[in-house]
Amino acid sequence: MKGRSLTDALHDIQSGNKENYIPEKDALTVSEKSKVSLSKVYGFATFYSMFSVKPRGKRIIRVCKSLSCHMGKAEEVIEKLKEVLGIGIGETTEDGEFTLEESSCLGMCSVSPAIMIDEIPFGNLTVDQIPEIIKKVKSEGSQEKIYTEQILPAQGRVVLKNVGVINPESIDEYIASRGYLALKKAIENGPQWVINEVKKSELRGRGGAGFPTGRKWEFTAKAPGPQKYLICNADEGEPGTFKDRVIMEGDPHSIIEGMIIAAFATGCNNGYVYIRGEYDLSIRRIEKAIEDARSHGFLGRNILGSGFSFNIEIHKGAGSYVVGEETTLMESIEGHRGEPRKKPPYPPTFGLLGKPTVINNVETLANVPPIIANGADWYRTIGVTESYGTKLFSLSGDVNWKGVIEAPFGARLSYITNEFGGGVKNGKKLKGIILGGVSGTLLTPDQFDTSVDFNSLATIGAGPGSGSIVVMDETRCIVDIAKNIAYFFKYESCGKCTPCRIGTEQVYKIVDRISKGRGEEEDLDILERLGENMRLTSFCPLGQTAPNIIVQSIKKFRDEWIEHIKDKKVEGGSNER
Amino acid sequence: MSDKLILVKIDGKDYQFSQGITILNACKIANYDIPTLCYLENIAEEGSCGMCVVEVKGAKTLQRACIIKVTEGMEITTESSAVREARKLNLELALAHHPLDCMTCDADGDCELQELAYEFGIKRSQFLDEKEVFEYPKETSWDSNPFIQFDPQKCILCRRCVDACESQAIVEAIGIGMRGYKSTVSTPFNLPLEQTDCQFCAACVQACPVGALVEKPRVGKGKIFNLEKTDTICAYCGTGCEVTLYRDKKNDLVLARGIDDSIVNEGRLCVKGRYGYEYVNSKDRLTTPLIKENGKFREATWEEAIEYTSKRLLEIKEKYGPDAIGVLGSSRCTNEDNYVVQKFARAVIGTNNVDNCARLCHASTIAGLGKALGAAAATNPIEDIKNADVMFVIGSNMTETHPVISQFIKENQRKRGAKLIVCDPRKTDLAKVSDIHIQHYPGTDVALLNGTMKVIVDKGLVNKEFIEAHTEGYDEFVKIVSKYDIETVSKITGVDKALIEKAAEMYATAPNATIFYTMGITQHSVGTDNVLSVANLALVTGHIGREGNGINPLRGQANVQGACDMGALPDVYTGYQKVIDPASREKFEKAWRVKLPDKAGMPVTEFGDAALSGKLKAIFAMGENPLMTEPDIKHVRKGFENLEFLAVQEIFLSETAELADVVFPSAAAYEKEGTFTNTERRVQLLRPAREKPINAKFDWEIVSLVSTKIGYPMKYKNADEIMDELAKLTPSYAGIHHFRLEQSGIQWPCPTDDHEGTKILHYGGNFKRSNGKAFIAPVEYIKAKELPDKEYPFILTTGRILYHYHSGNESRRVKVLDTFVPRNYIEISKEDAESLKINNKDSVRVSTRRGSIDLEARVSDKPKKSVVFISFHFREAAANILTNAALDPVSKIPEYKVAACKIEKIK
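Residues numbered from 1 in each chain as written. Chains lettered and ligands numbered in written order. Predicted model: local features only at pLDDT ≥ 70, side-chain atom pairs only at ≥ 80, totals over all residues. Heavy atoms only, no water.

Undergrad: Where do I start with the interface of chain A and chain B in this structure?
TA: Reports often express the size of an interface as the amount of accessible area lost when the parts come together. Contacts between the two partners involve 49 residues from chain A, matched on the other side by 45 residues from chain B. Summing the contributions of chain A and of chain B, the shared interface buries around 3,900 Å²; its carbon and sulfur component is 52%. One can count 24 residue pairs in polar contact (both at pLDDT 80 or more) joining chain A with chain B. Listed by contribution, the elements that provide at least two residues to the side of chain A that touches chain B are helix 2 (24-34), helix 3 (38-47), helix 19 (478-492), helix 20 (498-515) and helix 21 (521-537) of chain A. Per element, the largest residue contribution to the side of chain A that touches chain B is eight residues, and it comes from helix 20 of chain A. In the side of chain A that touches chain B, the residues fall into 18 nonpolar, 16 polar and 15 charged. (Contact = heavy atoms within 4.5 Å. Buried area = accessible area lost by both parts, 1.4 Å probe. Polar contact = N/O pair within 3.5 Å; in protein donor to acceptor, adjacent residues only side chain to side chain. Helix = DSSP H or I, 4+ residues; strand = E, 2+ residues; numbered from the N terminus. Nonpolar A, V, L, I, M, F, W, Y, C, P; charged D, E, K, R; others polar.)

So, in structure tokens, the structure goes:
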């Protein structure tokens, strides 16, 4: 890629602008310099939620409204903020100090409810803390970080072995814990050996689809042409999911090393880490890791004397869930709106800028150094058939212990929620969990004996997805949960295709209607038909999976839906903007 | 690989298709009907609407036929309950926000959404929110212009408009703003469309499947099923866009659409093609013959007017001889009209004093290209633009003068990565997007081109084999060119040396390079030299005579090529057969059964002086408006006032017609049958899109009546018959007949009835000169005739603007065009404006040695310092009061592009 990306240019304009926005004249300058038409620049700027083309306050307060925070009473936080600031959502205080915005999942599900003021996150908020925080931020700026991530004590950890153990900003500590040895081993044995080893390990993508990583690499390695790209998909945005953030913040070098090995195996000379714009600390940690890796000769020209050269750039996102979809992510790097491409062609042969591209999830790449260092045979001792290794789970919701855990594939769901999670909070009964994010699956206690691996989950129509587990206790209203999820997809749909753009909007409209006691029984049929249509005809996975939980909830909790409709219950709080 | 056929099953039947085609196209070939909404062939392949979904065996979801390609063994089901249910639901979703106000919608009957709703039996979408649709209409702020109306409520976000703007208009004035359910089609920052790069070609409107985008002037003028449509040719510039015109029950034209499968314009039109038809409906149309008595017109009968005209012409001919009469053909009239009028001049009056306004635009092309190549026409077709790797554009502001051609050029640059070099004293829109812009001083083209060619010669980039095999004169040429070293040239032209070198290399080393030029080359007192220089550039590099290589003068009037082909010129009969050539003359004498004059006649640019001196006593003009379009029109007017007799065939009482003794009401191009020959030599068929005014006559008909009255009977029944007659006399048109032109016309030369025409002239270096070789003519740089001095310190250059046309008689009678640009203005650089203390929109007086006009100043980044620009469309501030009548000695074309002027601010 030549020069700086459109995202970077707009981030710079916005952060340099007193009113935190992108004025027309600056957009014009970018357009002229980059030879991208002004309408494209505008289309780009208005697509991503972190950009604004209208003046805003000095500081942006983003309130997470997604599932875990919603369950953690985000609405109360919003109401309090509105009261304290004297403004509504999307408005700016009279003194020009704050703009209040709502946000999709900020990846702080274990410390819900959460907000961000500029780039600083605030978690485990209580309504009483809010006046104090606002006051303090106003006078001193937003510097503190008032939550810490929980990770369960080390026990059979593979991916998380360094997290919480070493100083993530110290490459020496990473090296001291056998870091970059895998890279050396890879270089000694050559690209084909690496691919074979990864194939043998049967490592599967951890982004959700579970595609065999080794095969993906092989496609790209065999694709013709000198220019190939490697992308680390760190655009974690699936509500309830924060495990990639934990790796990036806790052990950034494991990702960098994984990327270098992947690039070496596939013949890529340029790599990108696409990190969502909200993950400021992740960006800083990865940035530092790249710098240190470069100065140690692990990145750059002729890495470790191998003749192989590789560089990594960070691409900072700007607020969009759908960009997590691989082709959309590439569009975004190229300076386009986050809209998916048609497939085929697939990224291994036609990816970034039309070149062969490997795109892997953070967790997938973090699995690579241990596989290479310890060998595929070792790796296959962890997990179960066709699902080897471990899986990270983000645990949140009505559970006693929230945070990231690493468990080998094959653990029972009940084991994860009860043993790791310590069971449902406040001694309540379990209603169900949402596995793999809001695009994933709704599972009920009768399914908790299922082993968590690709094959077993498939038998109950599920998959590990992003590995998030949001626990719901018996008091949760299913309509309220559905409404929150429907709102999320309506807000995050890119708008390209009709089934998703209007489908997500209509699903929300109907669920909202039901939640306000104005639903009718036939609405449930409409939701199911509409959901099926979205699954069958949406352009990309966002629209195809958007109705998952809602449709499943109607199947599994039909009585509750009908009761809600018949009794004209009004419940679930407002999701209106 | 690509020609390997693959086996595909559609609805259980086996088919074979070539690899790489989409399911949609495969189904089309196999005759399966797949509904689409967002798809627009070659323009939009968004895959957004979800209407074209089909079942593909093994796929987990339904597949979009428009974007998914067939693969070996694919099994497709085009109709099933799942498919139908999905299509129906997606249609209902598209209709969720679409007001069902078909009764009052201009797109009623022309709406794909409506058609699909009908097909699927959707009376009312289950998702329709009437409150939202009817009570709280969406706001849009960007459609404040007079051309394009946008109703966001009706928009279904199919994005065909955005794609058309990007891939047809190549401007990207509109795009998609916001995301998800909030997305809209919008301009950047919701700016009014007129503040964006929009050229109002309305490709977006034509692409819109519903009534969201509508041509404003058509609103309320009738639904499509109540309009009668006719396919014809646009009557403005020489591109020859094929257009469908719609007329209402009152016989008014109310709508124009580009013809999608046209090889010329591929559905595109420009703002004039799209909206400019309106003048034919005008109340100002002449509807009866007029005779001037005591300085005033009175209405007359046709018999009277014909009688009177023939009598006067005969008297003058008897008294002063035939050469005291001048005849004007017209580039806005058909080939048939022009053939008849030049025949009238030669066979009936007995003079070669016949000319047409090509004199004012491409006379130097005819002289220059004729001399260099042996044929005076563009070498390559428009569709060949895509084969060029480098496009060298000199003196052509084509985004305004030939907008559709400029779109193809920009398309080739954008989509295929071709390079674009623009040489223009102004920073035109095309210059702005060019890879190299050479902003030379007006009138320094020969120096620039010689300097460029010296670089090519010095760097050994000439094509020696080509020069050797296909040209003559190279050695002499090198001697001259060697004097033009880069320092000198840089000084003369005001262009950076490196830029000239870079352009020279880019052009010379390109595998395929083609040249386009227009009035910036031709309208100079050295116009012929300029054209020769351009030809030299192509010849020494061998960039001519094959695909993607050529010299393409873009013709400014719809039928300027044809009027010349027809011999509406003082020195040639049809097909450039010389009047001084005894064999040619004999041929025409035999055919017309009269003795013909053997000396070349007078060009129109000398009519004014000749009339003033008394040499010319009468003019018979078929159209044309010299009193607006000739240089130094005050002077020309004096000449015309001195005439004993002036007869004019017109559709409006033009500036020239006002001065006439007799005015005949004629039919407009959109009312005619006949042919135009466009800029790429394509003879195209015109069909009447409306009835002409009851008492008006066709131009050839009027000439025939006068001729018959004078005693030379012309009894043509129709234009078809005229074409057959001229084809017999014209080798390059010999195989051209109206019935052969129905499809997409024929490019001449077309020597026989079974010849399919000639796409590329001089193919393989076989030039049309007698020895088959091209002539590389040595050309020296000569300064323009009038250069800035202390009193007149600025260089005035004149030309056209996008929204108006020539003398303005048509475009200024088009309400939307005249509302948008109602008055003339002068473009002046920021530096010059500052030094004169002139602000944008100030009133200024511009004067040359010939006169003054008052107009508005526009401070602009287009002109170079010390150069100003004025268009010649406005009678209230007629630029040709200012222009210099200095003529090119060879072609007699005037120097419209350089005059010295001064500018004063007025209160």
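Undergrad: Just to check I follow, could you spell out the packing of aromatic side chains for this structure?
TA: The geometry of two aromatic rings is summed up by the distance between their centres and the angle between their planes. For the structure shown, the criterion picks out 43 aromatic pairs over all chains. Ring centres of Trp142(B) and Phe150(B) lie 4.7 Å apart, and the angle between their planes is 20°; on these two criteria the pair is classed as stacked. Each member of the pair, Trp142(B) as well as Phe150(B), is classed as buried. When the centroid spacing of 5.0 Å and the interplanar angle of 65° are considered together, the rings of Phe588(B) and Trp592(B) count as edge-to-face. With Phe588(B) and Trp592(B) both in helix 22 (residues 582-592) and four residues apart, this pair spans about one turn of that helix. Taken individually, Phe588(B) and Trp592(B) each receive the classification buried, so the pair is uniform in this respect. Grouped by ring-pair contacts, the aromatic residues Phe147(B), Phe200(B), Tyr275(B), Tyr803(B) and Phe820(B) constitute a single cluster. For the cation-ring pair, Lys65(A) lies above Tyr487(A), with the distance from its terminal atom to the ring centre recorded as 4.5 Å. The cationic tip of Arg858(B) hangs over the ring face of Tyr825(B); the distance from NZ or CZ to the ring centre is 3.7 Å. (Phe/Tyr/Trp six-rings, centres within 6.5 Å; stacked < 30°, edge-to-face > 60°. Buried < 20%, exposed > 50% of the residue type's maximum accessible area, 1.4 Å probe, protein only. Lys NZ or Arg CZ within 6 Å of the ring centre and 35° of its normal.)

Undergrad: Whenever I open this one, the packing of helix 11 (residues 243-250) of chain A against helix 15 (residues 362-374) of chain A confuses me. Can you help?
TA: How two helices sit against one another is set out by the angle between their axes and by the gap between those axes. Residue and element names in this part refer to chain A. The geometry of helix 11 relative to helix 15 is characterised by a closest axis approach of 9 Å and an angle of 50° between their N-to-C directions. In terms of their interaxial angle, helix 11 and helix 15 are classed as oblique. Residues Lys243, Asp244, Ile247 and Met248 of helix 11 touch helix 15, and the partners they reach there are Val362, Glu363 and Ala366. Residues of the contact of helix 11 with helix 15, tallied by class, amount to four nonpolar, no polar and three charged. (Axes fitted to C-alpha atoms, helices over the stretch in contact; angles between N-to-C directions. Parallel < 35°, antiparallel > 145°, perpendicular 65-115°, else oblique.)

Undergrad: Explain the sheet that holds strand 11 (residues 242-247) of chain B here, please?
TA: What links the strands of a sheet is backbone hydrogen bonding, and the strands pair in either a parallel or an antiparallel sense. All names here are of chain B. Read across the sheet, three strands follow the order 10-11-12 without closing on themselves; strand pairing throughout is antiparallel. In this open sheet, the two edge strands, each paired with only one partner strand, are strand 10 (228-233) and strand 12 (253-258). Strand after strand, the sheet turns through a mean of 30° between neighbouring axes, direction not considered. Bridge count for strand 10 against strand 11 is six bridges, and the pairing is antiparallel. Bridging from a neighbouring strand, Thr232 pairs with Val243 of strand 11. (Pairing = 2+ DSSP bridges.)

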